[in-house]
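Examination of the molecular architecture
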Amino acid sequence: ELKVEQNPLFLSMQEGKNYTIYCNYSTTSDRLYWYRQDPGKSLESLFVLLSNGAVKQEGRLMASLDTKARLSTLHITAAVHDLSATYFCAVGPVYGGSQGNLIFGKGTKLSVKP
Amino acid sequence: GAGVSQSPRYKVAKRGQDVALRCDPISGHVSLFWYQQALGQGPEFLTYFQNEAQLDKSGLPSDRFFAERPEGSVSTLKIQRTQQEDSAVYLCASSFRTGVTDTQYFGPGTRLTVL
């Protein structure tokens, strides 16, 4: 059974600081996604990572993937208040499973304070 | 352009009532997914359609849950004889193809509260 673990689950940061959110998954998978969710809103796709060593950056967020370690990281650089949200990583199914569903972590609730 | 839409956005049901939740995917998207998100948790997979075919329903928690997509576009998730544990946000997502690289785009969700 594919399991996805994120840590930390809660993160309170000061503006201007850097931090990293970690996402570990238990078995081989095709792809890894990072989503953002604001309170009461739906999930917004941030990144999709498809291969070992993949790195993607958008603004103050950078995501990377190490398939050998089954680990993805979401690095936040010089945090600003607008980044406050819950961040989910999600992993595609193992080979032989459904082509569809994603397995989500529990999410990391990020709060950026002045 | 238009994204995934869901209706109603909020639904309050008395225990034992039947409810129907609607999802309009992005036009042309082949794949459609339903997820259940409990408070403070990540979404959990319920079921998956490729066009009108329901290819995976392994996540449906009981036989009270039923989903359909008869014409390969709009989908309805029906919950019969609702129970309090069914209270959650139900998210619909769609993707253009069935390939492993395709991003799933999520709708705003329907928040179901069972009293």
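Refer to the structure presented above.
Reading guide: rules and limits
- Throughout this document, residue positions are counted from 1 along each chain, in the order its sequence is written.
- Labels follow written order: the first chain is A, the first ligand is 1, and so on.
- Where local features are concerned, this predicted model is filtered to residues with pLDDT of at least 70; where side-chain atom pairs are given and counted, the filter is 80 or more; whole-chain, interface and lining totals use all residues.
- Hydrogens are left out, water is left out, and the side-chain values use all remaining heavy atoms of the structure.
- When DSSP finds two or more bridges between a pair of strands, those strands are recorded as paired.
- Here a strand is any run of E in DSSP of at least two residues, a helix any run of H or I of at least four, and the numbering for each starts at the N terminus.
- Axis definition: a line fitted to C-alpha atoms, over the contacting stretch in the case of helices. Angles run 0 to 180 degrees between N-to-C directions.

Residues and elements named next belong to chain B. On the basis of which strands lie adjacent, the open sheet formed by four strands has the order 1-3-8-7 and antiparallel pairing. Of all the strands in the sheet, the pair left with one neighbour each is strand 1 (5-7) and strand 7 (65-68). Averaged over all adjacent pairs, the angle separating strand axes in this sheet is 15 degrees, with direction ignored. Of the strand pairs in this sheet, strand 1 and strand 3 (residues 19-24) are connected by three bridges, and their pairing is antiparallel. Considered in strand 3, the bridge of serine 5 is made with aspartate 24.

Take unusual backbone geometry next. Omega for the peptide link from A:Asn7 to A:Pro8 comes to 0 degrees, which places this bond in the cis form. Tracing the backbone through its elements, the reader meets A:Pro8 in the loop between strand 1 (4-7) and strand 2 (10-14). Look at the link from B:Ser7 to B:Pro8: it is a cis peptide, with omega at -10 degrees. Along the chain, the position of B:Pro8 falls in the loop between strand 1 and strand 2 (10-13). At A:Arg70, a residue that is not glycine, the phi angle is positive and equals roughly 55 degrees. Mapped onto the elements, A:Arg70 comes out in the loop between strand 7 (61-66) and strand 8 (71-76).

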